[in-house]
Number of protein chains: 2
Amino acid sequence: MSDTHISVRQAETSHSECRAVADILARIGDKWTVMVIGVLSHGPMRYNQLHRAVEGISQRMLTLTLKGLEQDGLLKRTVYPTVPPRVDYQLTELGLTLIVPLQSLYEWAVENRPAMQAARKKFAQNKPETGLS
Amino acid sequence: MSDTHISVRQAETSHSECRAVADILARIGDKWTVMVIGVLSHGPMRYNQLHRAVEGISQRMLTLTLKGLEQDGLLKRTVYPTVPPRVDYQLTELGLTLIVPLQSLYEWAVENRPAMQAARKKFAQNKPETGLS
DNA sequence: CTGAATCCACCAAGATACTG
DNA sequence: CAGTATCTTGGTGGATTCAG
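The sections below set out a description of the structure shown in this document. Think of each chain on its own: its residues are numbered from 1, step by step along the sequence as written. Just so you know, chain letters begin at A and ligand numbers begin at 1, following the order they were written in. Predicted model: local features are reported for residues with pLDDT of at least 70 only, side-chain atom pairs are reported and counted for 80 or more only, and whole-chain, interface and lining totals are derived from all residues. Water and hydrogen atoms were dropped before computing side-chain values, which therefore reflect all heavy atoms in the structure.

**Some words on the protein's contact with DNA strand D**
Proximity is defined per residue: any heavy atom of the residue falling within 4 Å of a molecule or strand makes that residue near it. Neighbouring DNA strand D are 20 residues; Lys-31 and Arg-60 of chain A together with Thr-63, Arg-77 and Tyr-89 of chain B lie closest to it. In the interface set of DNA strand D, defined as its atoms within 4 Å of the protein, sugar plus phosphate atoms amount to 60%. Any pair of N or O atoms that falls within 3.5 Å is considered a polar contact. Within protein, one atom must be able to donate a hydrogen and the other to accept it, and sequence-neighbouring residues count only if both atoms are side-chain atoms. Pro-85 of chain B is positioned such that a nitrogen or oxygen atom in its backbone is 3.3 Å from a sugar or linking oxygen of DNA strand D. Under the scheme used here, helices are H or I runs from DSSP no shorter than 4 residues and strands are E runs no shorter than 2 residues, and both carry numbers assigned from the N terminus. Of all the secondary structure elements, the ones that give two or more residues to the surface near DNA strand D are α4 (59-71) of chain A together with α3 (47-54), α4 (59-71) and β3 (86-91) of chain B. With 4 residues, the top contributor of residues to the surface near DNA strand D is α4 of chain B. Looking at the surface near DNA strand D, its residues break down into 8 nonpolar, 4 polar and 8 charged. Ten residue types, Ala, Val, Leu, Ile, Met, Phe, Trp, Tyr, Cys and Pro, are classed as nonpolar, four, Asp, Glu, Lys and Arg, as charged, and the remainder, Gly among them, as polar.

Shown next as structure tokens:
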């Protein structure tokens, strides 16, 4: 079982590396974060704009998501002391770099989601996997 | 607010794309899935091997994670009708392709996690963000 | 307009014990 | 060895209300 014959070049993934990925996933893997990042990748937005753009998110979740992103330095919050108050949210440089791996994930998604859904459907149908010659 | 002047080339991310990413994240974004994938990227493994390799996972969570991966066609479960029973788990072709975007995420993680943790620390310290010129 | 606060439902996940 | 069953708990997320 030596790992020297593995044909996949990307198979350098080991325990510590998985922890790193899992760590990031713990922050962007929730229900709304990637949505907010995606919307904000178009440019700065105000609170209510985000609330409408994400569509389905509650105020609470939007606030929590934004706070989490700001906390991790992925988001910048700018308050204009006007009346009524105005707050702009925009991705930081760090936040913008995150779009790259997210795109990678997106490309995998559009290409393989059909296969995943088909597999899921087959699995639900009592696993008729007897497609072997 | 036209999106024609956006300077970021990766900013093609729109609503539907975010949903695709969020959809994948809903399946691999949990606590253990990427761990299991990472371990299995080294080659096939048996149940107890996985249980030891992932380290910290309960039997229940391991079983559920494996079942989820198998359901989505990312994992193949092979049962050897011996005594005692032996079950091998290995990533499918589809599952192996998932390693690519995962690597992309990993590379981002190792490069930017320090910045994230620093930002998080600063945020906790009453946000001394006064680092402007 | 931009949140904060509160309450509540649901589910992920851990612990433990049991089975084939 | 490879799971399943049951119970319990903490956290996530939704709805609603209140405030600056």
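**Considerations on helix α3 (residues 47-54) of chain A**
All names here are of chain A. Think of it in three bands: with a 1.4 Å probe and only protein chains considered, a residue is buried below 20% of the maximum accessible area for its type, exposed above 50%, and partly exposed in between. For α3, the set of buried residues is Leu-50, Ala-53 and Val-54. The arc that holds the buried residues of α3, viewed along the axis, is 85°, so those residues lie on one side. Positive phi shows up at Glu-55, right after α3, with a value of about 60°. Our arc is simply the arc of the directions from the helix axis toward the C-beta atoms.

**Quick look at the protein's contact with DNA strand C**
Surveying the vicinity of DNA strand C reveals 19 residues, the closest of which are Asn-48, Arg-77 and Tyr-89 of chain A together with Lys-31 and Arg-60 of chain B. Considering DNA strand C, the proportion of its atoms within 4 Å of the protein that are sugar or phosphate atoms stands at 64%. Here Lys-31 of chain B contributes a side-chain N or O atom positioned 2.7 Å from a phosphate oxygen of DNA strand C. One of the side-chain N or O atoms of Arg-60 of chain B is found 2.7 Å from a base nitrogen in DNA strand C. Breaking the surface near DNA strand C down by element, the ones donating at least two residues are α3, α4 and β3 (86-91) of chain A together with α4 of chain B. The element contributing the most residues to the surface near DNA strand C is α4 of chain A, with 4 residues.

**Points about the side chain of Thr-92 of chain B**
All names here are of chain B. Relative to the assigned elements, Thr-92 resides in the loop between β3 and α5 (93-97). In this structure Thr-92 comes out as buried when scored by relative accessible area, which is 19%. When sequence neighbours within four positions are dropped, the list of residues in contact with Thr-92 reads Gly-73, Leu-74, Leu-75 and Lys-76. In what follows, residue pairs with any heavy atoms lying within 4.5 Å of each other are defined as contacts.

**Comments concerning the interface of chain B and chain A**
Many structure descriptions define interface size as the accessible area lost when the parts assemble. Each partner contributes residues to the interface: chain B has 58 residues there, and chain A has 57 residues. Buried area: the sum, over both parts, of the accessible surface (1.4 Å probe) that disappears when the two are put together. Together, the buried faces of chain B and chain A total about 5,700 Å²; carbon and sulfur atoms form 69% of this surface. When a carboxyl oxygen of Asp or Glu lies within 4 Å of a side-chain nitrogen of Lys or Arg, that pair is called a salt bridge. There are 4 salt bridges connecting chain B and chain A. Between Arg-120 of chain A and Asp-72 of chain B there is a salt bridge, with its nearest N and O atoms 2.7 Å apart. Scanning the region where chain B abuts chain A turns up 8 residue pairs in polar contact (both at pLDDT 80 or more).

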